[in-house]
Amino acid sequence: MRRATITGWGKCTPPAVLTNEDLEAVMDTNDEWITTRTGIKERRITHTETSDMATVAGRHAIATAGLEPEDIDLLILATCTPDRIIPSAASLVQAKLGVTNAACLDVNAACSGFVYGLSLANGMIATGAARRVLLIGAEKLSTLLDIEDRSTAVLFGDGAGAVVLEPAGDGDGVLALNLGTDGGLAGILTVTGFGTEEIGNVAEQFSLYMDGQEVFRNAVTQMGEAATRAVAEAGLSLEDVDILIPHQANTRIIDATARRMKLPPEKVFVNITGYGNTSAASIPIALTEALESELIRPGAVIVFVAFGGGLTWGAACLRFGDRVTPLGTSDARLPATSFTGLDLLLQRQDERRRRRGLA
Ligand SMILES: CC(C)(COP(=O)(O)OP(=O)(O)OC[C@H]1O[C@@H](n2cnc3c(N)ncnc32)[C@H](O)[C@@H]1OP(=O)(O)O)[C@@H](O)C(=O)NCCC(=O)NCCS
């Protein structure tokens, strides 16, 4: 059975920036609290839909792999903020991107979605059911932000990242995966009012609830254990890991995971400062930036590890191929906007109030 290896990568980070200082102006918070508790300084807020960001990131990944959209035979889009329930956001991306020969589906494992999608892509390539997979993580979490809830509104941002996966050569590719879920803890990180459950109160629409401390405690344990198990299942030791690319939820969670894995800070990639938590998009955005910064050498051993609502967690240990530079480039980007991140956040808040009948 052939393993899958990453041959293309790309990202889409929307142009409108929302800083901690912007948030200070509209809620009872401050830069010092947000920075010390989370490591976040600013995040991007999109003026488009999830599928638009996914399309831009996908275009870059396909170009980097030296392929054309028609070469892709499977498109997996990891998201918990699709444009609509039906069709999948992946179907919308197929039409926008021209990936006409691909079967398309969304995967929702919240912030672990990219690692779950990687597992599916790897399995499909291993069985020969797919040869060239476009795996995208894309999220418009600003839809869920409520400036009346300071405990969650400061944490999240929008964006997309993508990879192309193809059958691996002899030594490279996905070496091991370790996934897990604890549905018994579903209630500690949940979005209600966007599904078949009857909405008792219209104020519950798109309502994000998180027990921050419980999520934190579980994240530290599960991320450390999943990553360590994936490395062991790959037949490697922790010293063999060249770079850890964790889900970017919180620098304190990342630091604790790295400590459990006994990895020095220089082996851990962190870019949460500029983007906040972009859920399923965070790992492919981070991978793209690590490659753009030449932090990944040919044959590097990489560990991805993620954690999110579900509760879900997952880790992947892989060896990168010999090529760490793009075969091609794309000039794809989102349309320009004159709105700031704060303008967009306030527009969304007005829409939220209007839906609740409060405006
Ligand atoms: C959310 C999180 C940063 C909160 O940090 P914490 O140290 O647990 O903070 P607490 O919730 O105990 O709140 C401490 C105080 O800060 C206040 N606070 C909460 N949000 C605040 C904000 N944005 N600005 C200022 N103060 C805030 C609280 O009201 C509380 O005040 P009190 O002591 O007067 O009641 C932290 O729990 C966390 O990172 N959890 C994991 C979240 C996560 O990563 N989720 C996504 C997983 S994919």
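Summary of the structure given here.

So, how was this worked out
Residues numbered from 1 in each chain as written. Predicted model: local features only at pLDDT ≥ 70, side-chain atom pairs only at ≥ 80, totals over all residues. Helix = DSSP H or I, 4+ residues; strand = E, 2+ residues; numbered from the N terminus. Rg over C-alpha atoms; globule rule 2.2 N^0.38 Å. Buried ≥ 20, exposed ≤ 12 C-beta atoms within 10 Å, placed from the backbone. Contact = placed C-beta atoms within 7 Å. Pairing = 2+ DSSP bridges. Axes fitted to C-alpha atoms, helices over the stretch in contact; angles between N-to-C directions. Core = buried A, V, L, I, M, F, W, Y, C linked by C-beta atoms within 7 Å. Parallel < 35°, antiparallel > 145°, perpendicular 65-115°, else oblique. Left-handed = near helix turned anticlockwise from the far one by under 90°. Nonpolar A, V, L, I, M, F, W, Y, C, P; charged D, E, K, R; others polar.

Let's talk about the overall build of the chain
Regarding its fold elements, the chain presents eleven helices and 13 strands. For 359 residues, the compact-globule estimate of 2.2 N^0.38 gives 21 Å, and the C-alpha radius of gyration of the chain, at 19 Å, lies within 12% of that figure. Seen along its three principal axes, the alpha-carbon backbone of the chain occupies a region of about 60 × 45 × 35 Å. Looking at the chain residue by residue over its 359 residues, the buried ones come to 51%. Pairs at least 24 apart in sequence give 80% of the contacts found in the chain among residues at least 6 apart.

What to know about the environment of Thr19
In this structure, Thr19 sits in strand β2 (residues 17-19). Separated by 55 residues in sequence, Thr19 and Leu74 place their C-alpha atoms 37 Å apart. Leave out the neighbours within four places in its chain, and Thr19 touches Lys41 and Glu42.

Overview of the sheet that holds strand β4 (residues 74-78)
With mixed pairing, the five strands of this open sheet are ordered in space as β1-β7-β6-β4-β5. Strand pairing shows two members of the sheet lacking a second neighbour, β1 (4-12) and β5 (103-107), which therefore form its edges. The mean angle between the axes of side-by-side strands here comes to 20 degrees, regardless of whether they run parallel or antiparallel. Pairing of strand β6 (residues 133-140) with strand β7 (residues 158-167), which is carried by eight bridges, proceeds in the antiparallel orientation. When the sheet's bridge partners are listed, Leu134 is paired in β7 with Val164. Set on the sheet, helix α4 (residues 89-97) makes contact with β4, β5 and β6; between it and β4 the angle comes to about 125 degrees.

Details of the nonpolar core
In terms of nonpolar packing, the biggest core is built from 111 residues, with Leu75, Leu134, Ile136 and Val303 touching the most fellow members. Top contributing element to this core by residue count: helix α7 (residues 212-233), with eight residues. Not counting the four nearest positions on each side in its chain, Leu134 is found in contact with Gly58, Ala61, Ile62, Ile72, Leu75, Val99, Ala102, Ala162 and Val164.

Brief notes about the packing of helix α3 (residues 50-64) against α4
The description of two packed helices rests on the angle between their axes and on the distance between the axes. Closest axis-to-axis distance for the α3/α4 pair is 9 Å, and the angle between their directions is 55 degrees. Classed by the angle they form, the pair α3 and α4 counts as oblique. Considering only the axes of α3 and α4, their crossing is right-handed. Where α3 approaches α4, its residues Thr50, Ser51, Ala54, Thr55, Gly58 and Arg59 are matched on the opposing element by Ala89, Leu92, Val93, Lys96 and Leu97. Its residues placed into classes, the contact of α3 with α4 shows five nonpolar, four polar and two charged.

Keep in mind these numbers describe shape, not what the thing actually does.
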